[in-house]
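Each chain, written out:
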Amino acid sequence: MTFTNPIEGGTILQDTVVPEGEPWSAKLAAGDVLRLVDLEGQQAVDFLCYSFDDLADRYNAANTIKLNGNIYLGQGAALWSVRARKLMTIIEDTCGFHDTIYGCCSVEVDDVRFGKNNGNGCQGNFERELTKHGLDQKDIVANVNFFMRVPVAESGAIGIVPGISKPGDYVSLRAEQDVLAVLSNCPECLNNAAGFKPTPIRAIIYST
Ligand SMILES: [Zn+2]
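Rules of the game
- Residues numbered from 1 in each chain as written.
- Predicted model: local features only at pLDDT ≥ 70, side-chain atom pairs only at ≥ 80, totals over all residues.
- Heavy atoms only, no water.
- Helix = DSSP H or I, 4+ residues; strand = E, 2+ residues; numbered from the N terminus.
- Rg over C-alpha atoms; globule rule 2.2 N^0.38 Å.
- Buried < 20%, exposed > 50% of the residue type's maximum accessible area, 1.4 Å probe, protein only.
- Contact = heavy atoms within 4.5 Å.
- Lys, Arg positive; Asp, Glu negative; His and termini not counted.
- Charge placed at Lys NZ, Arg CZ, Asp CG, Glu CD.
- Donors = N, O, S within 2.8 Å, 3.2 Å for Na, K, Ca; no water.
- Core = buried A, V, L, I, M, F, W, Y, C linked by side-chain atoms within 4.5 Å.
- Pairing = 2+ DSSP bridges.

Draft legend 1. Region of the structure containing the overall build of the protein. In terms of helices and strands, the protein carries three helices and 13 strands. In summary, the protein has a C-alpha radius of gyration of 16 Å against a globular reference of 17 Å for 208 residues, a match within 12%. By its C-alpha atoms, the protein is 50 × 40 × 35 Å across when sized along the principal axes. Within the protein, buried positions represent 50% of all 208 residues. When contacts within the protein are restricted to residue pairs at least 6 apart in sequence, long-range pairs at least 24 apart make up 76% of them. With 17 positive and 26 negative side-chain charges, the protein shows a spacing of 2 Å between the two charge centroids.

Here it is as structure tokens:
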């Protein structure tokens, strides 16, 4: 699949296809842009973000919801930290809805919900990937789910609806400070978070 650089004047620093079910991470300098491309559509991408200078100051779902005033993320929304600093801002989004409340899948939760599991989950992926950066399971917080839609009914009931992302949809995030970005390309086959069939995504880092 060819893909032209849409970031005006930008240079591609890294361009990685992340296979289905696998984690990925990278450091971004302030001003760099991370574009996540849902190559085949309907693929959930579980995402965490940490201030690189102070890894304890990391993505915080509640602050992100209250400071954006919305439980969904879209163009213009920011990912806010524990200390209410902007970590990243969504500068492009062809999908429209990204989840902040559902957290990640795990073999343990799958066992409870489905009586079986995939042998892997985003929780395990995060634990594995974070060890590369001196972090561990205590550093995993409620994550963003890009390309995943979790509507909330008036009663408070929630559910996962089929992903609305189409093949080639993307979301681009500008780093507002030096950050560590960590993702799990969701391996869940037991619900429609990944359309029951996890697929690869592409992670591109631009220097602008
Ligand atoms: Zn998952």
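Draft legend 2. Main features of the coordination of the zinc ion. At this site the zinc ion is bound by Cys105 (SG), Cys122 (SG) and Cys186 (SG), with donor distances of 2.2 to 2.3 Å. Mapped onto the polypeptide sequence, the residues donating to the zinc ion form the spacing pattern C-x16-C-x63-C. With Cys122 in helix α3 (residues 122-130) and Cys186 in the loop between β12 (179-185) and β13 (201-207), the pair connects residues that are 64 residues apart, well separated along the chain. In this structure, Cys122 and Cys186 share a single accessibility class: buried.

Draft legend 3. Region of interest: the nonpolar core. Membership of the largest hydrophobic core comes to 30 residues, with the highest contact counts inside it found for Leu34, Leu36, Phe47, Met88 and Phe146. Once residues within four sequence positions are removed from consideration, Phe146 is found in contact with Leu36, Gln43, Ala44, Val45, Phe47, Ile90, His98, Val171 and Leu173.

Draft legend 4. Broad picture of the pairing of strand β11 (residues 169-175). In terms of residue burial, β11 counts as a mostly covered element, since six of its seven residues are buried. Looking at chain direction, strand β3 (residues 33-38) and β11 are connected through six bridges and run antiparallel. Following the sheet pairing, Val33 is matched in β11 by Arg174.

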